[in-house]
Amino acid sequence: TQLLEQSPQFLSIQEGENLTVYCNSSSVFSSLQWYRQEPGEGPVLLVTVVTGGEVKKLKRLTFQFGDARKDSSLHITAAQPGDTGLYLCAGAEVGAGSYQLTFGKGTKLSVIP
Amino acid sequence: DVKVTQSSRYLVKRTGEKVFLECVQDMDHENMFWYRQDPGLGLRLIYFSYDVKMKEKGDIPEGYSVSREKKERFSLILESASTNQTSMYLCASSFSSGSRYNEQFFGPGTRLTVL
């Protein structure tokens, strides 16, 4: 199973700042998901991107899928304390088992009021 | 909305005990998964099932078994719990491939402590 590398591992910022987190791999993915996990809870699906170069917006969150479908980024504008959590990316590899996802280890975001 | 529920949020067991973790989903998903999540190691797949009575080993199946007698229910069994199985256990479900981009929906997790 190919790895999905997420960076940074940890990020602590002040409320109102902007940030970007990255998800990179050498594998090509047919789709890629972003999840947010709050402490003590399960991951919650935020978005799925499927087309190279695709950009999706969810309020202050902007998700981009790389042109080659090997990487993705999540940009948060004017971060709020409610954005605090672990952000996970997960991809469905082209040619791999049809129901499995490869997960990154996550970026732990803390937004300080 | 997809709903995945897990039988316990917190569980404390003793070394050597048999432990059952149950997961139920209400969206008629074909696939169900069990993961464990540990700091620094991320999510690791223990077992998954793509149909009733069908199961496949994931990356770390040792010390675990699973049962899927009904489509909506997937159970994880620790035959003889050990302290290194202390972890957060997450259940997930998804539609079969081709229809939903492999999106997985997670339960709230069970925090298991083995003393």
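Here the structure is a predicted model, which is why all the values come from computation and not from measurement.

Trainee: Looking at this structure, how should I read the overall build of chain B?
Mentor: Assigned secondary structure in chain B consists of zero helices and eleven strands. In chain B, the succession of helices and strands from N to C terminus is β-β-β-β-β-β-β-β-β-β-β. Oriented by its inertia axes, the alpha-carbon framework of chain B measures out at about 40 × 30 × 25 Å. Across the 115 residues in chain B, those meeting the buried criterion constitute 50%. Of all intrachain contacts in chain B linking residues separated by at least 6 positions in sequence, the fraction that spans at least 24 positions is 57%. When the accessible surface of chain B is summed, it comes to about 5,600 Å², and 49% of that surface belongs to carbon and sulfur atoms.

Trainee: Is there a simple way to explain the overall build of chain A in this structure?
Mentor: The helix and strand inventory of chain A stands at zero helices and eleven strands. Listing the helices and strands of chain A from first to last along the sequence gives β-β-β-β-β-β-β-β-β-β-β. Against the compact-globule benchmark of 13 Å for 113 residues, chain A has a radius of gyration of 14 Å, which places it among compact chains. With the C-alpha coordinates aligned to their principal axes, the bounding extent of chain A is approximately 45 × 30 × 20 Å. Expressed as a percentage of its 113 residues, the buried residues of chain A come to 44%. At a minimum sequence separation of 6, the contacts of chain A that also span at least 24 residues come to 55%. A total accessible area of about 5,300 Å² is found for chain A, and carbon and sulfur atoms account for 50% of it. Taken as two groups, the 9 positive and 10 negative side-chain charges of chain A have centres that lie 3 Å from each other.

Trainee: Whenever I open this one, the interface of chain B and chain A confuses me. Can you help?
Mentor: Many descriptions give the size of an interface as the accessible area lost when the pieces come together. Taken together, the contact pairs 24 residues of chain B with 22 residues of chain A. It is Tyr-101, Asn-102 and Phe-106 of chain B in chain B that bury the most area against chain A; as a group they hold 24% of the surface buried on that side. Among the salt bridges present, the one from Arg-9 of chain B reaches Glu-41 of chain A, with a minimum N-O distance of 3.1 Å. Elements supplying a minimum of two residues to the side of chain B that touches chain A: β4 (31-38), β5 (42-51), β9 (87-94) and β10 (105-106) of chain B.

Trainee: Would you mind going over the sheet that holds strand β7 (residues 64-70) of chain B with me for this structure?
Mentor: Two pairing modes exist for strands in a sheet, parallel and antiparallel, and in both the strands are linked by backbone hydrogen bonds. Residue and element names in this part refer to chain B. Spatial strand order, β1-β3-β8-β7: four strands in an open sheet with antiparallel pairing. At either margin of the open sheet sits one strand with a lone partner, and together these are β1 (4-6) and β7. In this sheet, adjacent strand axes meet at a mean angle of 20 degrees when their direction is disregarded. Bridge analysis of β1 against strand β3 (residues 19-25) gives three bridges, and the strand direction is antiparallel. Bridged to Val-4 within β3 is Gln-25.

Trainee: Sorry, what's going on with the state of the cysteines here?
Mentor: A covalent bond bridging the sulfur atoms of two cysteines is what the word disulfide describes. Using the criterion set out here, one finds two disulfides over all chains in the structure. Here Cys-23 of chain A pairs with Cys-89 of chain A through a disulfide, and the sulfurs are 2.0 Å apart. Here the disulfide of Cys-23 of chain A and Cys-89 of chain A is right-handed, its torsion about the S-S bond being about 80 degrees. Placement of the pair is Cys-23 of chain A in strand β3 (residues 19-24) and Cys-89 of chain A in strand β9 (residues 85-93), with a sequence separation of 66 residues. Paired by a disulfide, Cys-23 of chain B and Cys-91 of chain B hold their sulfur atoms 1.9 Å apart. Given an S-S torsion of about -75 degrees, the disulfide between Cys-23 of chain B and Cys-91 of chain B has left-handed geometry. Taken together, the residues span a long stretch of sequence, with Cys-23 of chain B in strand β3 and Cys-91 of chain B in strand β9 at a distance of 68 residues. For the residue pair Cys-23 of chain B and Cys-91 of chain B, the accessibility class agrees, reading buried in each case.

Trainee: Would you explain the nonpolar core in this entry?
Mentor: Nonpolar side chains in soluble globular proteins tend to end up buried together. Leu-19, Leu-32, Trp-34, Phe-63, Leu-74, Ile-76 and Leu-109 of chain A are the most contacted members of the largest nonpolar core, which totals 21 residues. For this core, the secondary-structure elements that each account for two or more residues are β3, β4 (29-37), β5 (44-49), β7 (61-65), β8 (71-76), β9 and β11 (107-112) of chain A. In this structure, Leu-74 of chain A is in contact with Leu-19, Thr-20, Val-21, Trp-34, Leu-61, Thr-62, Phe-63 and Tyr-87 of chain A, ignoring residues within four places of it in sequence. Within the second largest apolar cluster, 20 residues are counted, among which are Leu-21, Tyr-64, Leu-78 and Cys-91 of chain B.

Basis of the calculations
Residues numbered from 1 in each chain as written. Chains lettered and ligands numbered in written order. Predicted model: local features only at pLDDT ≥ 70, side-chain atom pairs only at ≥ 80, totals over all residues. Heavy atoms only, no water. Helix = DSSP H or I, 4+ residues; strand = E, 2+ residues; numbered from the N terminus. Buried < 20%, exposed > 50% of the residue type's maximum accessible area, 1.4 Å probe, protein only. Contact = heavy atoms within 4.5 Å. Areas by Shrake-Rupley, 256 points an atom, 1.4 Å probe, with all protein chains shown as cover. Rg over C-alpha atoms; globule rule 2.2 N^0.38 Å. Lys, Arg positive; Asp, Glu negative; His and termini not counted. Charge placed at Lys NZ, Arg CZ, Asp CG, Glu CD. Buried area = accessible area lost by both parts, 1.4 Å probe. Salt bridge = Lys/Arg side-chain N within 4 Å of Asp/Glu carboxyl O. Pairing = 2+ DSSP bridges. Axes fitted to C-alpha atoms, helices over the stretch in contact; angles between N-to-C directions. Disulfide = S-S within 2.5 Å. Core = buried A, V, L, I, M, F, W, Y, C linked by side-chain atoms within 4.5 Å.

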